[in-house]
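Reading the structure
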Amino acid sequence: MNTEIKIVADSSADLTSFTGTDFASAPLKIITSQNEYVDDKNLDVEGMVNELIKYSGKSSTACPSPIDWLKAFGESKYIFCITITSALSGSHNAACIAKVDYEEQHPDRKVFVIDSLSTGPEMQLIIEKINSYIKENKSFEEICNLITPYTKKTALIFMLESMRNLANNGRVSPITAKAAGLLGIRVVGKASDKGQLEVLEKSRGEKKALISILSCMKKAGFKGGKVKIGHCLNIDGAEKPKSLISEEFKNTLIEIYNCRGLCSFYAEKGGLLVGFEC
Ligand code: X90
């Protein structure tokens, strides 16, 4: 393992560890009047989700500070730093401040900050791509030049049963969130080019919504590339688009995983995030 190079991501990437390259996660926090959940490897995600279902008070989230990012950078010479979309979080801004600080303190070190304009599974695709470039012995500069075009060829489609936490925290307008608040309505949407939530479809019932995920993916340019499906306590839901995708695209690599804290808070129980290559 080349410890000169490190990949660092905030915890919205749903990774507590990563095999292949030195890795660190900068945790976001989920805050209620009773509790502060730190989105690190010690968090009991299922326990948090179930506590939040019973909780009716105010809740919010907080991104890593520049100091948190510096901690995650550690002592590495070259760092690739991937953040959740800058359109919805201050995480990217904090990472940029940390980068300036780090490079000032250590003029021989370099940090490349990448705004994913997305979250969760799409961030994982970017991280895996960086890792494969490192394995190919590409230089830091070469990887910097290659990875931005790659991020334009990945996308994110999501399915949500509720947008309550997104609306309460000002990440979508209450009007946008309204449909998902109605009983039985599932919203399918995508991360827009600007890194915002864009609603594509409102379906009555989960079955229809799960079917429309693949058509939304194809409209966004999916042709059989790698797929990652993150779910919040909804493994059965995640299996449905997986089987539909593999029926049509036989050799596609599809991985299902459990969302960590931040994505679980906003996607809420039943939510799915599908990251894919176009
Ligand atoms: O800085 C903070 O406190 C974090 C704020 C994060 C807000 C958005 C999180 C979205 C998580 C929900 C569905 C997917 C939306 C994708 C849009 C780019 C997942």
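Predicted model, so just to flag it, every value in this text is computed and none were measured. (Residues numbered from 1 in each chain as written. Predicted model: local features only at pLDDT ≥ 70, side-chain atom pairs only at ≥ 80, totals over all residues. Heavy atoms only, no water.)

1. Details of the pattern of salt bridges
One pass over the full model with this rule turns up 9 salt bridges. One salt bridge connects Lys99 with Glu103, and the closest N-O pair in it is separated by 3.1 Å. Pair noted here: Lys99 and Glu103 are both in helix α3 (residues 91-105), with a separation of 4 residues, about one helical turn. Close ionic contact of Glu128 with Lys228 constitutes a salt bridge, the shortest N to O distance being 2.7 Å. You can see Glu128 sitting in helix α4 (residues 120-135) and its partner Lys228 sitting in strand β11 (residues 227-231), a full 100 residues away along the chain. Judged by its relative accessible area of 22%, Glu128 falls in the partly exposed class. One network of salt bridges, in which partners are shared, links Glu128, Lys226, Lys228 and Glu255. (Salt bridge = Lys/Arg side-chain N within 4 Å of Asp/Glu carboxyl O. Helix = DSSP H or I, 4+ residues; strand = E, 2+ residues; numbered from the N terminus. Buried < 20%, exposed > 50% of the residue type's maximum accessible area, 1.4 Å probe, protein only.)

2. A few points about the packing of α4 against helix α5 (residues 140-151)
Two numbers describe how α4 lies on α5: the axes approach to 10 Å, and their chain directions differ by 150°. Considering the angle they form, α4 stands roughly antiparallel to α5. Here α4 and α5 pass one another in a crossing that is right-handed. Only Ile143, Leu146, Ile147, Tyr150 and Thr151 of α5 make contact with α4, whose side of the interface consists of Glu122, Leu125, Ile126, Lys129, Ile130, Tyr133 and Ile134. When grouped by side-chain class, the residues that make up the contact of α4 with α5 number 9 nonpolar, 1 polar and 2 charged. (Axes fitted to C-alpha atoms, helices over the stretch in contact; angles between N-to-C directions. Parallel < 35°, antiparallel > 145°, perpendicular 65-115°, else oblique. Left-handed = near helix turned anticlockwise from the far one by under 90°. Contact = heavy atoms within 4.5 Å. Nonpolar A, V, L, I, M, F, W, Y, C, P; charged D, E, K, R; others polar.)

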